[in-house]
Amino acid sequence: MTATAKAAPETNFITAARKTKTTHVITEILKYAILIVLSASFFFPLFYMFVSAIKNDAQVYTVPPILFPNPAFWQNFYDAWTKTFNFNQMTINSVFRYCLPVTLATVIVCTVVAYGFSRIKWIGRDIFFYICMGTMMMPWQVTMVPLFIVYRTLHWTNSYLPLVVPSFFGVPYFIFLLRQFMMTIPEELSDAARIDGASELGILYRIILPLMTPALTVVALFRWLGAWNDYLGPLIYLNRADLYPLALGVNQLRVAQTSTGNQANTFPYLMAVSTIIALPILLLFFFAQRTFIEGISLTGIKG
Amino acid sequence: MAATAGTRSSGLSRVEKRNLLMGLAFISPWLIGFLVFNLYPLISSFYYSLTRYDLIQAPVYIGLGNYTFTFTQDPNFWNVVYNTAFYVIFSVPLSIAAAFLIANLLNTRIIGRSIFRGIIYIPSIVPAVCTAMVWLLLLNIQYGAVNGMLQAIHLKAIPFLSSMSLSKPSLVMIAAWACGGTVVIFLASLQDVSRTLYEAATMDGANAWQRFVAVTLPMCSPVILFNLIIGFINSFQEFTLPWLLTAGGPAASSELYSLHLYRTAFQNLRMGTASALAWLLFVVIVIFTVILFRSSGRWVYYGGER
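In this convention, every chain numbers its residues from 1, walking through the sequence in written order. For this description, chains carry letters from A and ligands carry numbers from 1, given in the order in which they are written. Under the rules for a predicted model, residues below a pLDDT of 70 receive no local features and side-chain atom pairs below 80 are neither given nor counted, while totals for whole chains, interfaces and linings still include all residues.

## Examining the overall build of chain A
Part 1 of the argument: In this text, helices come from DSSP runs of H or I with a minimum length of four residues, and strands from runs of E with a minimum of two, each type numbered from the N-terminal end. Scanning chain A for helices and strands turns up 17 helices and 0 strands.
Part 2 of the argument: Computed over C-alpha atoms, the radius of gyration of chain A comes to 26 Å, more than 25% over the 19 Å expected from 2.2 N^0.38 for 303 residues, which places it beyond the range of a compact globule.
Part 3 of the argument: Overall size of chain A, expressed as C-alpha extent along the three principal axes, is 75 × 70 × 35 Å.
Part 4 of the argument: Backbone-placed C-beta atoms define the burial measure: a residue is buried with 20 or more other C-beta atoms within 10 Å of its own, exposed with 12 or fewer, and partly exposed in between. By residue count, 40% of the 303 residues in chain A fall in the buried class.
Part 5 of the argument: Sequence-distant contacts in chain A: of pairs separated by 6 or more residues, those separated by 24 or more amount to 74%. Radius of gyration: C-alpha atoms only; globule rule: 2.2 Å multiplied by the number of residues to the exponent 0.38. Any residue pair is listed as a contact if its two C-beta atoms, each placed from the backbone, are within 7 Å.

## Remarks on the overall build of chain B
Part 1 of the argument: A tally of helices and strands in chain B yields 14 helices and 2 strands.
Part 2 of the argument: Over its C-alpha atoms, taken along the principal directions, chain B stretches across nearly 75 × 60 × 30 Å.
Part 3 of the argument: For chain B, buried positions account for 42% of its 306 residues.

## Some words on the nonpolar core
Soluble, globular proteins show a tendency: their nonpolar side chains are buried together.
Part 1 of the argument: Note on terminology: a nonpolar core is any set of buried Ala, Val, Leu, Ile, Met, Phe, Trp, Tyr and Cys residues joined through C-beta atoms within 7 Å. Counting 156 residues, the largest nonpolar core has Cys 110, Val 113, Ile 175 and Leu 178 of chain A together with Val 183 and Ala 278 of chain B as the members making the most contacts within it.
Part 2 of the argument: Counting residues per element, this core draws most heavily on helix H6 (residues 87-118) of chain A, at 14 residues.
Part 3 of the argument: When near neighbours in sequence (up to four residues on either side) are disregarded, Cys 110 of chain A contacts Gly 170, Val 171, Phe 174, Ile 175, Leu 178 and Val 219 of chain A.

## Digging into the packing of helix H2 (residues 14-48) of chain B against helix H14 (residues 271-299) of chain B
All names here are of chain B.
Part 1 of the argument: For helices, the axis comes from a line fit to the C-alpha atoms of the stretch in contact; other axes are also lines fit to C-alpha atoms, and the angle between any two N-to-C directions lies between 0 and 180 degrees. Running from N to C, H2 and H14 point in directions that differ by 120°, and their axes come no closer than 7 Å. As judged from the angle between their axes, H2 and H14 are oblique. Considering only the axes of H2 and H14, their crossing is left-handed. Contacts between H2 and H14 pair Ser 45, Phe 46 and Tyr 48 from the former with Met 271, Gly 272, Ser 275, Ala 278 and Trp 279 from the latter.
Part 2 of the argument: As a working rule, the residues Ala, Val, Leu, Ile, Met, Phe, Trp, Tyr, Cys and Pro are called nonpolar, Asp, Glu, Lys and Arg charged, and the rest polar, with Gly in that last group. Residue classes in the contact of H2 with H14 are distributed as 5 nonpolar, 3 polar and no charged. When an angle is under 35 degrees it counts as roughly parallel; over 145 it counts as roughly antiparallel; between 65 and 115 it counts as roughly perpendicular; any other value is oblique. The handedness criterion is simple: a crossing whose near helix is rotated anticlockwise from the far helix by less than a right angle is left-handed, and one whose near helix is rotated clockwise is right-handed.

## Considerations on the domain arrangement of chain A
Residues and elements named next belong to chain A.
Part 1 of the argument: Each assigned domain of chain A is listed here: domain 1 (2-78) and domain 2 (81-299).
Part 2 of the argument: Taking only C-alpha atoms, the centre of domain 1 and the centre of domain 2 are 33 Å apart.
Part 3 of the argument: Counting residues at the interface gives 12 residues for domain 1 and 12 residues for domain 2.
Part 4 of the argument: When contributions to the side of domain 1 that touches domain 2 are tallied by element, the ones reaching two or more residues are helix H3 (21-53), helix H4 (57-60) and helix H5 (75-83).
Part 5 of the argument: Element by element, the count of residues in the side of domain 1 that touches domain 2 is highest for H3, at 4 residues.
Part 6 of the argument: For the side of domain 1 that touches domain 2, the per-class residue count stands at 7 nonpolar, 3 polar and 2 charged. Where each domain begins and ends follows an automated or database-derived domain assignment.

## Section: the interface of chain A and chain B
Part 1 of the argument: Counting residues at the interface gives 81 residues for chain A and 80 residues for chain B.
Part 2 of the argument: For the side of chain A that touches chain B, the element with the highest residue contribution is H3 of chain A, accounting for 12 residues.
Part 3 of the argument: The class makeup of the residues in the side of chain A that touches chain B is 57 nonpolar, 18 polar and 6 charged.

## Let's talk about the confidence of the model for chain B
Low pLDDT means the predicted atomic positions in that stretch should not be read closely.
Residues and elements named next belong to chain B.
Part 1 of the argument: A residue's pLDDT is simply how confident the predictor is in it, with values from 0 to 100. Residues at a pLDDT of 70 or more form 95% of chain B, whose mean pLDDT is 89.
Part 2 of the argument: Across residues 1-7 the pLDDT falls below 50, and counting only partners more than four positions away or on other chains, this stretch makes 0 contacts in the model.
Part 3 of the argument: In the model output, the complex is listed with pTM 0.87 alongside ipTM 0.87.

## Remarks on unusual backbone geometry
Part 1 of the argument: Note the cis peptide between Asn 70 of chain A and Pro 71 of chain A, where omega equals 0°.
Part 2 of the argument: Mapped onto the secondary structure, Pro 71 of chain A falls in the loop between H4 and H5.
Part 3 of the argument: Here the phi dihedral of Ala 251 of chain B falls at roughly 50°; this positive angle occurs in a residue that is not glycine.
Part 4 of the argument: Here Ala 251 of chain B lies in the loop between helix H12 (240-245) and helix H13 (257-267).
Part 5 of the argument: For Ala 251 of chain B, a count of 11 C-beta atoms within 10 Å translates into the label exposed.

## Considerations on helix H8 (residues 167-177) of chain B
Part 1 of the argument: Across the 11 residues of H8 of chain B, 8 count as buried, placing the element largely inside the fold.
Part 2 of the argument: Residues of H8 of chain B that are buried include every one of Ser 167, Lys 168, Ser 170, Leu 171, Val 172, Ile 174, Ala 175 and Trp 177 of chain B, and no others.
Part 3 of the argument: Structurally, H8 of chain B contributes buried residues whose contacts are with H3 of chain A together with helix H4 (77-107), helix H6 (128-138) and H12 of chain B.

## Observations regarding the environment of Leu 150 of chain B
Part 1 of the argument: Mapped onto the elements of the fold, Leu 150 of chain B is located in helix H7 (residues 145-152).
Part 2 of the argument: Apart from the residues within four sequence positions on either side, Leu 150 of chain B is in contact with Leu 155, Ala 157 and Ile 158 of chain B.

## As for the domain arrangement of chain B
Part 1 of the argument: Looking at the assigned domains, one finds that chain B contains domain 1 (2-48) and domain 2 (75-299).
Part 2 of the argument: Centre-to-centre separation of domain 1 of chain B and domain 2 of chain B, based on C-alpha positions: 38 Å.

## A few points about the environment of Leu 39 of chain B
Part 1 of the argument: One can find Leu 39 of chain B in helix H2.
Part 2 of the argument: For the pair formed by Leu 39 of chain B and Ile 153 of chain B, sequence separation is 114 residues and the distance between their alpha carbons is 57 Å.

## Observations concerning the confidence of the model for chain A
Residues and elements named next belong to chain A.
Part 1 of the argument: Here chain A averages 87 in pLDDT, and 91% of its residues register 70 or above.
Part 2 of the argument: Model confidence for chain A, summarised as mean pLDDT per element, is weakest for helix H1 (residues 2-11) at 44 and strongest for helix H9 (residues 161-164) at 96.
Part 3 of the argument: Segment residues 1-10 is flagged for pLDDT under 50; beyond a separation of four residues in sequence, or across chains, it makes 7 contacts in the model.

## Remarks on the environment of Asn 234 of chain B
Part 1 of the argument: Structurally, the position occupied by Asn 234 of chain B is in helix H11 (residues 208-236).
Part 2 of the argument: Judged by the 14 C-beta atoms lying within 10 Å of it, Asn 234 of chain B is partly exposed.

Next comes the structure, spelled out in structure tokens:
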């Protein structure tokens, strides 16, 4: 106790920074050194994915690894995409059969449900909300078998229905996110409109919705991402190659290339396709960085 | 009883009744979804767990047969439980701790914070398939870049994915590589911590470490708890990365619970056994979550608000 009390004036961070200038410089250098090593190791795998996409086999198998292939085989992107599997069809599947419908449904339905969980006060609301949150604890494995059996009897397997239809009934995670956001909108706005005789749907549409743009963008982004990246869902329900989304297509390429011994350009092609699939997401991130960061922060607010 | 219930419900004012109906109407899509996609499958999977069912012949009731089979006869079960426990126990705390330290580092005064943050965040949104493919290439024993670099500095190559003892640690490491989402959440909560608390602590003579322990950790503990719970729930169910990277191998050393369950259902067509496995997992997850919540009273600090 006495020791800390004695040290008190020295450790004041303003004086400390000025007092021992060298210690300050060393910690600064150390800090940036750690940050640079850290971000380099986070960045390297994706960088290596890209450079390996423009290598030939000899370059890929060279030890120590080549980081800047010369010559570079840009042709790989075209060849991998067009000469192995029908990746154009898979893109159409991913975008129009999966990501787009699921995103639209999620945004619309979750907004309505979140409104009911936040902007109307009704008896039992909290209990239903806890149940809704509780379902997030349920592992997918528990519902997997019965749902598979139901979809099979409905002849929905080998179609996108099992992947898309549930989104029309709301996704708890996004309901939670939108509800949190709606809670921050002052209640007076709704009350004023109610006095003017507006219906609840009218209030949602005319007052709440215009204020929701950031939150809805977040939900749309994450839902799209979820469908774009989903591997397990399509794996369970789709087993016809012409129905595959991109995620399954990449692995199909790997299986085809390695099942009969290594074919030519196995890794360059795999990396080329992986790069093309990851690229839209990276671009999306660069253009919507703020939205991403704000959105993911929003999800972590609740303690 | 009926009388009191009657008076109570008629005791609802007109506005309360209207609000109740409105509220139910607005949440009705989710409510229907809950009944169809959660409650029905939950109950019916419990029923299937008591049957033998191969999708071809009708389910046959066999009591607790699937459970006794799982515990006593399934040759892989205990190995899978061990693998999953290993993965969950190392992966979650490691990822959370790493994310928290990185977030603290990013929260100091640095130039280019958003660039560093972006680089660390990106791996968490790249499709799992791409992650798997690139790590397959990076960790390959013969020509992987990581081993290539080790060999360049005259170290022995490490069989990251092809040795029984390293397959799980490698999966843990790759999961930690994608901890960027948690970093961003932590960073946001760090920025919410009031500056005056740090100033007060500094006045009292606390050094950087003491400020971290006495201010940062307690103020962020609710968010840490939240992420621990989400992390545990998710890693118990981890499927895609191990499925693609090791397919559970070598010698089932990285066969996680969900891989085993998937194989039981769709490769061995034992829907009953798979349902039993799923229910056991569900119970474990619920117990885990409850324990975490219960323990939270001891280490989570909820500010004045609630």
